[in-house]
Amino acid sequence: MTAREALHGLKTSGYASSLRGRGTFVTKPKREKPLTQLRGFTEEIAERGMVPASRLLEQRVIDATAELAESLEVQVGSPVMRLRRLRLADGIPMAVEKTYISLSRFPGIQQINFGEKSLYQTLRDQFSVHLAWAAETIEILPANCEESRLLKIPAKAGVLSISRNTITEDRVPIEVTVSRYRADRYRALVYIPATAIRIGATVYKEN
């Protein structure tokens, strides 16, 4: 009983996992991602005492689709920077991230090398952007072939998918980002206040 309880505690804490027919194995604990704190990957990983890094996968200008134009509140066909990066912590692949930024609001930002620079820090320092809040959609999805290869996980393994639309203090949407985190290294952490806070959304209340 004592051994079973100890194993259960290790699995609950993320230090062990069991595979049917094979046994129990030691694993690295999952990193908790607080969903009530608006921070970039670089800042988040650095605060955990790890070394953040990015590998640039794509950085180019595209025309805004109808969906992107609605999310960014720009005209359909207006120039948008598409930025795709592999995010690493201590050299370990953690997430594949795709971001869209309107060039009409941030002219010249497409010329900055975001394989070396932090996007949020650049927005603060060079464009005086003050972030206020973000709307996020969270799902568990199967990794596609490219994500499996980049994250070094099995084909169709689960990834923590977070789609984010970030808003400034002036209520201007400045980015749309879709991040695919390794589900074997991340778990979502949500702090729920006792009193609901209404920020540009309808809050459901029972009668």
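Residue numbering note: each chain is counted from 1, following its sequence as written. Selection of residues for local features in this predicted model requires a pLDDT of at least 70, selection of side-chain atom pairs for listing and counting requires 80 or more, and totals for whole chains, interfaces and linings are taken over all residues. For the side-chain quantities, the full set of heavy atoms in the structure was used; hydrogens and water were omitted.

- As named in an unreviewed UniProt entry, the protein chain is GntR family transcriptional regulator, taken from Tunturiibacter gelidiferens.

**A few points about the packing of aromatic side chains**
- Side-chain rings of Phe, Tyr and Trp, where Trp is taken by its six-membered ring, are said to pair if the distance between their centres is within 6.5 Å; with planes under 30 degrees apart they count as stacked, over 60 as edge-to-face, and otherwise as tilted. Taken as a whole and judged by the stated rule, the model has 1 aromatic pair.
- A ring pair is formed by Phe 106 and Phe 127, whose centres lie 5.2 Å apart and whose planes are at 85°; its orientation type is edge-to-face. You can see Phe 106 sitting in the loop between β6 (92–102) and α4 (119–127) and its partner Phe 127 sitting in helix α4, a full 21 residues away along the chain.
- Per-residue accessibility, obtained with a 1.4 Å probe over protein chains only, is compared with the maximum for each type, and a residue is labelled buried under 20%, exposed over 50%, and partly exposed between these values. Residue class for Phe 127 comes out partly exposed when judged on its relative accessible area of 22%. Numbering of helices and strands starts at the N terminus; helices are DSSP runs of H or I of at least 4 residues and strands are runs of E of at least 2.

**A look at the sheet that holds strand β4 (residues 52–63)**
- The strand order β4-β5-β6-β9-β8-β7 describes an open sheet built from 6 strands, whose pairing is antiparallel. Looking along the sheet, the strands with just one partner apiece sit at the ends: β4 and β7 (131–142). Put simply, the sheet's adjacent strands are angled 15° from each other on average, direction ignored.
- The pairing of strand β8 (residues 158–168) with strand β9 (residues 173–182) spans 9 bridges and is antiparallel. Looking at β9, one finds that Asn 165 is bridged to Val 176.
- Contact definition: two residues touch when any of their heavy atoms are within 4.5 Å. Orientation is described by axes fitted as lines to C-alpha atoms, over the contacting stretch for helices, and by angles from 0 to 180 degrees between their N-to-C directions. Sitting on the sheet, α4 touches β5 (79–89), β6, β7, β8 and β9, and the angle it makes with β9 is about 160°. The pairing criterion for strands is at least two bridges between them, as found by DSSP.

**As for the confidence of the model for the protein chain**
- pLDDT measures the predictor's confidence residue by residue and takes values from 0 up to 100. Chain-level statistics for the protein chain give a pLDDT mean of 80 and a share of 72% at 70 or above.
- Scored below 50 in pLDDT, residues 7–16 makes 20 contacts in the model with residues more than four places away or belonging to other chains.
- Every residue in residues 199–207 scores below 50 in pLDDT, and together they form 4 contacts with partners more than four places removed in sequence or on other chains.

**Things to note about the nonpolar core**
- By size, the foremost hydrophobic cluster in this structure holds 13 residues, and its most contacted members are Met 81, Ile 101, Phe 106, Ile 109, Phe 114, Leu 119 and Leu 123.
- Secondary-structure elements contributing two or more residues to this core are β5 and α4.
- Sorting elements by how many residues they give to this core places α4 first, with 3 residues.
- Apart from residues no more than four positions distant in its own chain, Phe 114 is found in contact with Ser 54, Leu 56, Gln 59, Met 81, Leu 83, Arg 85, Ile 109, Leu 119 and Thr 122. Take the buried residues of types Ala, Val, Leu, Ile, Met, Phe, Trp, Tyr and Cys, join any two whose side-chain atoms come within 4.5 Å, and each joined set is a nonpolar core.

**Examining the environment of Arg 85**
- With respect to the helices, strands and loops of the structure, Arg 85 is situated in strand β5.
- Once the C-alpha coordinates of Arg 85 and Gln 59 are considered, the two residues, 26 residues apart in sequence, prove to be 8.7 Å apart.
- Arg 85 has contacts with Ser 54, Arg 55, Leu 56, Leu 57, Ala 95, Val 96, Glu 97, Thr 99, Phe 114, Lys 117 and Leu 119, leaving out every residue within four places of it along the chain.

**Points about the pairing of β5**
- With 10 of its 11 residues buried, β5 lies for the most part within the structure.
- Pairing geometry for β4 and β5, over 11 bridges, is antiparallel. Among the inter-strand pairings, Arg 55 is bridged to a residue of β5, identified as Leu 86.
- Sheet analysis places β5 next to β6, joined by 10 bridges and oriented antiparallel. Counterpart to Arg 85 in the pairing with β6 is Glu 97.

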